[in-house]
Number of protein chains: 2
Amino acid sequence: MTVTIDRGARSLGEFRFECGETIDDLEVAYEAYGEFDGDNAVLVCHALTGSQNVAGGGFRSRGADGSAGTAGQARAWWNDIVGPGKAVDTAEYYVVCANVPGSCYGTSGPPSAGPDGEPYGTDFPPVTVGDWTRAQRRLLDDLGVGRLHAVVGGSVGGMNVLDWAKRYPDDVRRIAPVATAARLDPQCLALDAIARRAITTDPNWNRGDYYGGEPPRRGLGLARQIGHVMYLSKDSMERKFGRRAAGRDFAGDAFPADPAAAFFPYRDVESYLDYQAEKFVDRFDANSYLYLTHAMDDYDLAEGYESDAAALAAFEGEALVMSFTGDWHFTTEQAESLAAAFREADAPVAHHVIDSDHGHDAFLVEPESVGPPLSDFLADGVGGRAVTDTTEREPEFAPVHNSLFSG
Amino acid sequence: MTVTIDRGARSLGEFRFECGETIDDLEVAYEAYGEFDGDNAVLVCHALTGSQNVAGGGFRSRGADGSAGTAGQARAWWNDIVGPGKAVDTAEYYVVCANVPGSCYGTSGPPSAGPDGEPYGTDFPPVTVGDWTRAQRRLLDDLGVGRLHAVVGGSVGGMNVLDWAKRYPDDVRRIAPVATAARLDPQCLALDAIARRAITTDPNWNRGDYYGGEPPRRGLGLARQIGHVMYLSKDSMERKFGRRAAGRDFAGDAFPADPAAAFFPYRDVESYLDYQAEKFVDRFDANSYLYLTHAMDDYDLAEGYESDAAALAAFEGEALVMSFTGDWHFTTEQAESLAAAFREADAPVAHHVIDSDHGHDAFLVEPESVGPPLSDFLADGVGGRAVTDTTEREPEFAPVHNSLFSG
């Protein structure tokens, strides 16, 4: 089955950010899969370090502005979910994914050239999740898409999804916020704040002015390592790594080793983290990491309203909230609270909980669990065959246990 | 009530570390409270960044070797538990606490003067929890203490306690490992490894040779901030900080701020972390932090044996394992597994679970929960009045739930 793929970037002209600052020309890089029939558009929102390249292999870009090429979790990041015949079927839907402002995959952000031809760096205006939504709205206008059949996305991309229902409630029929929450909890705020300090503490960061020189690879690598711990669970780390020694010594490329380390095993889990850090710093921009984590930390669905439910009051579509039991970045409890807000707002909602010990990564690595309910929801709404809801299994509810010993 | 306090340091002569390296003279700083009657000695083992100053205020030291003075969690760190009339009653017991080798409160470690009069730095031999136990044994010999009534300690100090039961099973009557485990899980190994990389990545670390110059304050501060997240729980962070903004701007002293940060609130949780980092780097040595986290990560009760139970087989005393439901650094599940090992080894054991949302910090900040069972255990063993055991409440056991939605 062949599906048309439109990969490009649009210059959307002057853009005023929520912070009040403007740039003369917001460029937005996007990919669009399939044919638009006037009523079948699905917007997919990417996660923190994702890109517009939601599906399809082999695509690589390196912008004229020096932005990094996609790789790792940025390349074809939901290829098992989005494509011809897949859960988000590009033979049926016109699927659009856009790189968010502040990122580094072709959409305007800190590494992009500013008016003077030099990279903006930290002169780029602070961005918010609301700016992402507004930029997507402008892009869709430019593409000729009015009302969306659905908006779908995971992690901070799920916050982006929620912002659509709040900001443009008439523009979207169905939303699927996956592995997300109405706002981050303070534990995650803390880890994001530490990750940013790791970047700004790297002397190569140089207050954000490192383009053309040596980027803050170690600081960004540390930030990414903290992120990886947030994406996994105790159970998944036990299974993947245990306490096993890696079959080699400390690599010592990404980070200097302390001499005492030579006496102790270099463990699998360290080897994994060091490998992930090295890969990541080749594909992502440190300033973009600062900007996008600020946007995530700042997002609060209830902002400007009395409550989450009030923020969703104007939304008349349906919602599929999906969460994963082993996810401590965005917990099932937060997802249940979000589903309760939709119920309070009289929006048809299902909270579909997937039993998984993969941690936050589950939404990326368990397509067999994510695909069926998502596919049926896009087709039939919350009544879809594979969609289950927590309210259907009332007996399992109980006060939250910290562990089997509590209470 | 007055209690004699003996604060000092002993030169214990040549010491061979488990790594095989020796130093000519191991100095051990200690405090001893109360009177030794031949049968009432209680050894208290301190946690990662603790000191010998387990109780009693007002004590400050700054060694001639340039080691930092105690402060924060190092000063009188269990003052609510240890003292005249308290749970570990210094009017009744002769309580000894010694700073561990590798630390920076007067016992030989990286900041101490080596044979050439210069600080060892990273030439100091790698240390293990076993080295701590062996140094404590030597110190107690020097103090004239043979068999101990009890060994008590929390966190990695609890691993130190376990090592006593394994290494010197005939030398101790009762042990109380608190908020600890037979070994760290890979999630904690990962966070410790990232913390070490934050230190070694700080250019001021200079491969450990920073004495007399500027120490790696930012790297050590980041390491400490990661630690603080491990010591708290989601619930305690929600209660302490929520998403509230601090009443001031980013301080910018400890870490450089990124310009975009000015648009977003500087949150209470960040302010707390920055404050804790600044306090910590004044009192702790960065190389010691590397050494002691290596020791903690490396500890494995079963090492050299077939199982945890086999490692404990020779221990004929009693054990009180204490854990806290909100602790994700050392979980109640790990504590239950440890208690099971004692049961398998036919050692009388009680696993006393304290319902708390304080996280790992609970063992320090909930003396009202920790004190009574500990006091009764010291007096009467596992049959002590306030001691409860998980086996007494069998009906509550169930498969571990990741959350209320799993299973």
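Residues numbered from 1 in each chain as written. Chains lettered and ligands numbered in written order. Predicted model: local features only at pLDDT ≥ 70, side-chain atom pairs only at ≥ 80, totals over all residues. Heavy atoms only, no water.

Q: Whenever I open this one, the nonpolar core confuses me. Can you help?
A: In a soluble, globular protein the nonpolar side chains are often hidden away together inside. Within the largest apolar cluster, 198 residues are counted, with the highest numbers of intra-cluster contacts made by I175, Y289 and F342 of chain A together with I175, Y289 and F342 of chain B. Once residues lying within four places of it in the same chain are set aside, the contact partners of Y289 of chain B are L48, T49, A195, I199, L220, A223, R224, Y231, F280 and F284 of chain B. Counting 33 residues, the second largest nonpolar core, distinct from the first, contains Y33, Y93, C97 and A176 of chain A. (Core = buried A, V, L, I, M, F, W, Y, C linked by side-chain atoms within 4.5 Å. Buried < 20%, exposed > 50% of the residue type's maximum accessible area, 1.4 Å probe, protein only. Contact = heavy atoms within 4.5 Å.)

Q: I keep staring at the sheet that holds strand β12 (residues 349-354) of chain A and nothing clicks. Help me out?
A: All names here are of chain A. The sheet built from eight strands is open, its strands ordered β1-β4-β8-β5-β9-β10-β11-β12 with mixed pairing. With one partner strand each, in any of the chains shown, β1 (5-11) and β12 form the two edges of the open sheet. The sheet shows a mean angle of 20° between the axes of neighbouring strands, taken without regard to direction. In this structure, strand β10 (residues 172-178) lies alongside strand β11 (residues 318-324), joined through three bridges in parallel fashion. What sits directly across from V178, in β11, is M322. Docked against the sheet, helix α1 (residues 129-143) engages β1, β4 (27-33), β5 (41-45), β8 (94-98) and β9 (148-154), running at close to 135° with respect to β8. Running over the sheet, helix α11 (residues 367-380) touches β9, β10, β11 and β12 and is turned about 175° from β11. (Pairing = 2+ DSSP bridges. Helix = DSSP H or I, 4+ residues; strand = E, 2+ residues; numbered from the N terminus. Axes fitted to C-alpha atoms, helices over the stretch in contact; angles between N-to-C directions.)

Q: Which parts of the structure should I look at to understand the interface of chain B and chain A?
A: The parts lose accessible area when they come together, and the size of an interface is often stated as this lost area. In this assembly, 82 residues from chain B lie in contact with 83 residues from chain A. Taking both sides of the interface into account, the surface hidden between chain B and chain A amounts to around 6900 Å²; carbon and sulfur atoms contribute 64%. Seen at the junction of chain B and chain A, the total is six salt bridges. Put simply, R197 of chain B and D274 of chain A hold a salt bridge, and the shortest N to O gap is 2.8 Å. At the boundary of chain B with chain A, the tally comes to 20 residue pairs in polar contact (both at pLDDT 80 or more). Take the side of chain B that touches chain A: its biggest share by element is 13 residues, from helix α3 (residues 186-201) of chain B. Here the side of chain B that touches chain A is composed, by residue class, of 41 nonpolar, 18 polar and 23 charged. (Buried area = accessible area lost by both parts, 1.4 Å probe. Salt bridge = Lys/Arg side-chain N within 4 Å of Asp/Glu carboxyl O. Polar contact = N/O pair within 3.5 Å; in protein donor to acceptor, adjacent residues only side chain to side chain. Nonpolar A, V, L, I, M, F, W, Y, C, P; charged D, E, K, R; others polar.)

Q: Help me out: how do you make sense of the pairing of strand β9 (residues 148-154) of chain B in this one?
A: Residues and elements named next belong to chain B. For β9, a buried count of seven out of seven residues is recorded, marking the element as mostly surrounded by other parts of the structure. The pairing of strand β5 (residues 41-45) with β9 spans four bridges and is classified as parallel. Opposite C45, over in β9, you have G153 as the bridge partner. One ladder, built from six bridges, connects β9 with strand β10 (residues 172-178); its direction is parallel. Along β10, the bridge assignment pairs L148 with V172. Traced from β9 through helix α2 (residues 156-167) to β10, the parallel crossover comes out right-handed. (Right-handed = clockwise from strand over helix to strand, strands pointing away.)

Q: What should I look at first to understand the pattern of salt bridges in this one?
A: Pairs can form between side chains of opposite charge whenever their charged atoms are close. Counted under the stated rule, the structure contains 38 salt bridges over all chains. For D163 of chain A, the salt bridge is made with R167 of chain A, and the minimal N-O distance between the two is 2.9 Å. You can see D163 of chain A and its partner R167 of chain A sitting in helix α2 (residues 156-167), four residues apart, about one turn around the helix. On the basis of relative accessibility, which here comes to 2%, the residue D163 of chain A falls in the buried class. Taking the shortest distance from any N to any O, the salt bridge between D300 of chain B and R183 of chain B comes out at 2.7 Å.

Q: What am I meant to see in the packing of α3 of chain B against helix α4 (residues 217-231) of chain B here?
A: When two helices pack together, their arrangement is captured by the angle between the axes and the distance separating the axes. Residue and element names in this part refer to chain B. Closest axis-to-axis distance for the α3/α4 pair is 7 Å, and the angle between their directions is 160°. Taken together, the axes of α3 and α4 are roughly antiparallel relative to one another. In this structure, the crossing between α3 and α4 has a hand that is right-handed. Where α3 approaches α4, its residues C188, L191, D192, I194, A195, A198 and I199 are matched on the opposing element by G219, L220, L222, A223, I226 and M230. A breakdown of the residues in the contact of α3 with α4 according to their chemical character gives eleven nonpolar, one polar and one charged. (Parallel < 35°, antiparallel > 145°, perpendicular 65-115°, else oblique. Left-handed = near helix turned anticlockwise from the far one by under 90°.)

Q: What am I meant to see in the domain arrangement of chain A here?
A: Residues and elements named next belong to chain A. Here chain A is described as being made up of domain 1 (3-183 + 300-392) and domain 2 (187-295). Centre-to-centre separation of domain 1 and domain 2, based on C-alpha positions: 26 Å. Opposite the 36 residues of domain 1 that make contact, domain 2 presents 28 residues. Note on domain 1 versus domain 2: buried area summed over both sides is about 2600 Å², and carbon and sulfur give 61% of it. At the boundary of domain 1 and domain 2, one finds one salt bridge. A salt bridge links D357 to R239, with the shortest nitrogen-to-oxygen separation between them at 2.7 Å. Our count for the contact surface shared by domain 1 and domain 2 stands at 14 residue pairs in polar contact (both at pLDDT 80 or more). For the side of domain 1 that touches domain 2, a count of residues per class yields 18 nonpolar, 14 polar and four charged. (Domains from an automatic or database assignment.)

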